[in-house]
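The primary structure of each chain is shown beneath.
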Amino acid sequence: MDGFDYDLKADVASNELPSASLTLQGEGDIGATRVERLLLETLDGRIEGDAQASWDPQVTWNARIDLADIDPGGYMPEWQGRLGGHLESAGSLTEQGPDLTALIDGLGGKLRGYPVEADGKVTVQGKDIAIENLLVSSGPSRLSADGTLGDAVDLRFDLESPDLESLLPGALGSIRAKGTVGGTLTAPVVKLDLAADGVEFAGQGVERLQGKADLDLSGGGRLRLNLDGQRLAAGGMLFDSLSLKGDGDLEAHKLSASVQGEPLSVELAAGGGLGADGAYRGELEGGSGDFRALPPLRGPEGHQTTGFFPAGAKQSDSALITKDSQYPEAVFKWIDFTFSQEFAIRNWFGVPDADWKWPDADAVGIDGGKAIYQYIGVDPMFMKPTYNGGWVHSS
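In this text, all values refer to a predicted model and were calculated from it rather than measured experimentally. (Residues numbered from 1 in each chain as written. Predicted model: local features only at pLDDT ≥ 70, side-chain atom pairs only at ≥ 80, totals over all residues. Heavy atoms only, no water.)

(A) Expanded view of the packing of aromatic side chains. Overall, the coordinates contain 5 aromatic pairs when judged by the stated rule. For the pair Trp334 and Phe337, a centre-to-centre distance of 5.9 Å together with 50° between the ring planes defines the contact as tilted. Placement of the pair is Trp334 and Phe337 together in helix α1 (residues 328–337), with a separation of 3 residues, close to one helical turn. Take Phe337: its relative accessible area is 23%, and that puts it in the partly exposed class. The interplanar angle of 80° and the centroid separation of 5.9 Å between the aromatic rings of Trp334 and Phe343 together place this pair among those described as edge-to-face. Note on Trp334: relative accessible area 44%, which makes it partly exposed. Ring pairs connect the aromatic residues Trp334, Phe337 and Phe343, which therefore count as one cluster. Above the plane of the ring of Trp79 lies Arg112, whose end atom (NZ or CZ) is 4.9 Å from the centre. (Phe/Tyr/Trp six-rings, centres within 6.5 Å; stacked < 30°, edge-to-face > 60°. Helix = DSSP H or I, 4+ residues; strand = E, 2+ residues; numbered from the N terminus. Buried < 20%, exposed > 50% of the residue type's maximum accessible area, 1.4 Å probe, protein only. Lys NZ or Arg CZ within 6 Å of the ring centre and 35° of its normal.)

Printed below as a string of structure tokens:
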């Protein structure tokens, strides 16, 4: 086949993706193609571009795309706005890996009422990635990054957001994080300055958080960590203060942690280091705690239960049949039975029709639904000090 040309038009509709109309025109041959016109009309806007690509003797491409009036709110209602800009990419696939350049030029507009903008350049050569003058902004929030990632790392970043809601719907507070990453990916050298005030999202947050980290994991450098926070809300618990300290080097260092709050307060101190054999060795050097058990949660219909496991037996979810077994089929049937519901009930509650039975038709479980099993009398685990009717209790 000497060559071909194409003129494609299609409408795409989906329950999960936004509808779109596609126009694709171009020409090519057995080793390459040229897209003369790409037009994708979607999200109330347009994506237009052209490209050249080849796959013989190797994969190469050169593409340009322009966006106009794209409204992400057509797919994610909380991200309404209008976006436009210019994107370019050129490169090839080599034996050493991808060799490509991607350019973001004047991508911007408005999202959720905030002016947004993105510019930058990314170059990939095999395992090495270079980020040049990457700048992303949304309202008053700014993120910049510059540097390289590969066998060696030399990366600088700066995030400043005086209004986190400009980055994420429903977020409150402000954050500043600035730092560098050096060394290698397996042994990085990290320096970080962090400050956060009034941060809250989805019920989690911190009133104030400040910290510095200077961590040299390449060996021979210092490890310093100093993090302090006030009024931390996490996992339904509220802590008045949080402190994390560290000092030393990779071979010998000290760490201490302290949280004070409700329902627990804990202080821990530990020391350790990486030995010449590459193994980490450490030990807890001190600590104290004030723990208060949380009551079981009450459901919307008033159900409130607590799990109780008195046996405390060590259990394992594995089994084997030796080559010397005289009855491997019977053993396999037994192993298969251990994954059944009946086995689980026998395991904990004992002999059927003596300690428990299958439930009556009108029996109700603790969750308000149909019962799975029913005690005969009272829970057999409480009938006498020593109970030997379930496998867990006899193990």
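That was the structure; now back to the text.
(B) Up close: the pattern of salt bridges. In this structure the tally under the stated criterion is 17 salt bridges. Among the salt bridges present, the one from Glu165 reaches Arg112, with a minimum N-O distance of 3.2 Å. With a gap of 53 residues between them, Glu165 in the loop between β11 (154–161) and β12 (172–183) and Arg112 in the loop between β7 (97–111) and β8 (114–125) connect regions that are remote in the sequence. Residue class for Arg112 comes out buried when judged on its relative accessible area of 18%. Two residues, Asp360 and Lys357, come together in a salt bridge whose shortest N-O distance is 3.3 Å. Connected through salt bridges with shared partners, the residues Glu27, Arg34 and Glu36 form a single ionic network. (Salt bridge = Lys/Arg side-chain N within 4 Å of Asp/Glu carboxyl O.)

(C) View of helix α2 (residues 341–349). The complete set of buried residues in α2 reads Phe343, Ile345, Asn347, Trp348 and Phe349. Two residues or fewer after α2 comes Gly350, characterised by a positive phi angle close to 100°.

(D) Layout of the pairing of strand β5 (residues 60–70). Pairing geometry for strand β4 (residues 45–54) and β5, over 9 bridges, is antiparallel. When the bridges of β5 are listed, Gly49 appears paired with Ile65. Count of turn residues in the β4/β5 antiparallel hairpin: 5 residues. The sheet contact formed by β5 and strand β6 (residues 81–94) spans 9 bridges and is antiparallel. Of the residues in β6, the one forming a bridge with Leu67 is Gly85. (Pairing = 2+ DSSP bridges.)

Remember that the coordinates give geometry; whether it matters functionally is a separate question.
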